[in-house]
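Now for the letters of each chain:
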Amino acid sequence: MKICLVGCGKMGSSLLEGWSLLNLINEILIIEPNLKNIPKELIRIKKFYFYNDLTKIENSNVFDIIVLAVKPQVMKDVVIQLSKLNIKSKAWLSIAAGLSVNFFENYLGHNQAIIRTIPNTPSSVLKGITAMYFNTNCNSQIIENAEMLLNAVGETIKVNDEELMDAYTAVSGSGPAYIYYMVEAMIDAGIQIGIHPDNAKKLAEKTLVGSAYLLENRNVDAQELRKAVTSPKGTTEAGLEVLMRDNNFFNLVKNAINEAKNRGKDLGKLQS
């Protein structure tokens, strides 16, 4: 596969780190105006070619997929520039939150194969999860190539209703930040009750990693794993009583995910 990656910020770099471990891709041309922000280990990879100017791809061969990994706020300017260049791609794949397939069809053409996706940052360690929506111009080969590209950095879920993409974004695209924030809270609480900061950090982080491993590798859902840790009248039950009182924790998480979903819809409206 020959790929063009437009935008190599945090999410683009995460994908690129995952792809760097694979033999799947023969060549990736990367357009990123701020080359100094790209990790040096990525720049050294021979099959990655970095440029800071979109016009560098004008006379390139046909790409299998052009991956659009810029922020929603600047996507309109980028796709307008791309539409004016003499380039061809079998498919266009967006990782921008909130931007609909119709947004890209309006600028790139209604005959173009458009893939709307929302990966997440664990893709950098091949543990990502990506929701994918394909427009009707995507044939079976394009679908296979796109799924192969993102399965290479984790797992994929095919979404048939585009209206749900903002919901998927809110849960998995933004989800790592919620989990990291929970770890921050655990570290801070540990320090407040007397644990050395280094130890509090290690305890919270290793607890997250170990718990995630159990969740992934045991054929048991989260509720059952929680119950297995919770002894009647024990310490875990005492802590959970605080989190579960009046559904406080559930409601906070639901509200956070709803706000993220709504922001995705707002981003789409602002850029359309």
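To be clear, the structure that these remarks concern was listed above.
Computed from a prediction, not measured in an experiment: that's the story for all the values here.

Peer 1: Help me out: how do you make sense of helix α11 (residues 248–271) in this one?
Peer 2: Because each turn of an α-helix spans 3.6 residues, side chains separated by three or four positions in sequence point in the same direction. Between the first and last C-alpha of α11 there are 35 Å, a value that for 24 residues agrees with the 34 Å anticipated at 1.5 Å per step. Buried within α11 are the following residues: Gly264, Leu267, Gly268 and Gln271. Lining the buried residues of α11 we find α3 (72–83), α4 (101–108) and α6 (165–173).

Peer 1: Any chance you could explain the environment of alanine 200 here in plain terms?
Peer 2: Among the structural elements, alanine 200 can be located in helix α8 (residues 197–217). Taking the C-alpha atoms as reference, alanine 200 lies 9.8 Å from glutamate 184; in sequence the two are 16 residues apart.

Peer 1: Quick question: what am I supposed to make of the layout of surface pockets here?
Peer 2: Rolling a probe over the atoms, with the probe sized like a water molecule, indicates the empty space that remains. Of the volumes computed, that of the second largest pocket is approximately 1,200 Å³. Lining the second largest pocket are 41 residues; nearest its centre among them are Met11, Ala69, Val70, Lys71 and Pro72. Of all elements in the fold, only α1 (10–19), α3, α6, α7 (175–192) and α11 reach the threshold of two or more residues within the lining of the second largest pocket. Looking at the lining of the second largest pocket element by element, the count peaks at 5 residues for α3. Grouping the amino acids of the lining of the second largest pocket by side-chain chemistry returns 21 nonpolar, 14 polar and 6 charged.

Peer 1: Honestly, the packing of α7 against α8 in this entry has me stumped. Any pointers?
Peer 2: A pair of packed helices is characterised by two quantities: the angle between their axes and the separation of those axes. Direction vectors running N to C along α7 and α8 enclose 145°, while the axes themselves pass 8 Å from each other. Seen from above, α7 lies across α8 with right-handed handedness. In this structure, α7 contributes Ile179, Val183, Met186, Ile187, Gly190 and Ile191 to the contact, and α8 contributes Pro197, Ala200, Lys201, Ala204, Glu205, Thr207 and Leu208. The residue makeup of the contact of α7 with α8, split by class, is 9 nonpolar, 2 polar and 2 charged.

Peer 1: Which parts of the structure should I look at to understand the pairing of strand β7 (residues 128–134)?
Peer 2: Regular strands have side chains that alternate between both faces of the sheet. With 6 of its 7 residues buried, β7 lies for the most part within the structure. Bridging between strand β6 (residues 114–118) and β7 involves 4 bridges; their strand directions are antiparallel. From the neighbouring strand, isoleucine 115 faces β7, where its bridge partner is phenylalanine 134. Note that β7 and strand β8 (residues 154–158) share 5 bridges and pair parallel. Bridge pairing in β8 places isoleucine 129 opposite glutamate 155. In this view, the connection linking β7 to its parallel neighbour β8 by way of helix α5 (residues 140–151) has right-handed handedness.

Peer 1: It is not clear to me how the nonpolar core should be interpreted in this structure. Could you clarify?
Peer 2: The nonpolar side chains of soluble globular proteins are, as a tendency, buried together. Grouped together as the largest cluster of nonpolar side chains are 33 residues, with contacts concentrated most on Leu16, Trp19, Ile28, Ile65, Val67 and Ile115. Leaving out residues up to four positions away in the same chain, isoleucine 115 has contacts with Ala91, Trp92, Leu93, Ser94, Met132, Tyr133, Phe134, Cys138, Ile142 and Ala146. Counting 29 residues, the second-largest nonpolar core is a separate cluster that includes Leu29, Ile57, Met75 and Leu108.

What counts and what doesn't
- The numbering scheme is per chain: residues are counted from 1 as the chain's sequence reads.
- Totals for whole chains, interfaces and linings use all residues, but because this is a predicted model, local features are given only for residues with pLDDT of at least 70 and pairs of side-chain atoms are given and counted only at 80 or more.
- Where side-chain values are given, they derive from all heavy atoms of the structure, hydrogens and water being excluded.
- A run of H or I in DSSP counts as a helix once it spans at least four residues, and a run of E counts as a strand once it spans at least two, with each numbered from the N terminus.
- Expected span of a helix, by definition, is 1.5 Å for each gap between consecutive residues, and there is one gap fewer than residues.
- The classification of residues rests on relative accessible area computed with a 1.4 Å probe and restricted to protein chains. Under 20% of the type maximum is buried, over 50% is exposed, and intermediate values are partly exposed.
- Residue contacts are defined here by distance: any two heavy atoms, one from each residue, within 4.5 Å place the two residues in contact.
- Definitions used for this entry: grid spacing 1 Å over protein atoms alone; cavity, a set of points where a 1.4 Å probe fits but cannot get out; pocket, an open set with protein on both sides within 12 Å along at least 5 of 7 lines; lining residue, one with an atom within 4 Å of a point.
- Grid points are joined across faces, edges and corners, and a volume is the space filled by probe spheres set on the points.
- Note on residue classes: Ala, Val, Leu, Ile, Met, Phe, Trp, Tyr, Cys and Pro are nonpolar, Asp, Glu, Lys and Arg are charged, and everything else, Gly too, is polar.
- To get an axis, a line is fitted to the C-alpha atoms, and for a helix only the part in contact is used. The angle between two axes follows their N-to-C directions and goes from 0 to 180 degrees.
- The handedness criterion is simple: a crossing whose near helix is rotated anticlockwise from the far helix by less than a right angle is left-handed, and one whose near helix is rotated clockwise is right-handed.
- One requirement defines pairing of two strands: DSSP has to find at least two bridges between them.
- Crossovers are described as right-handed under a simple rule: with the strands pointing away from the observer, the path leading from the first strand over the helix to the second runs clockwise.
- The set of buried Ala, Val, Leu, Ile, Met, Phe, Trp, Tyr and Cys residues whose side-chain atoms join them within 4.5 Å is what this entry labels a nonpolar core.

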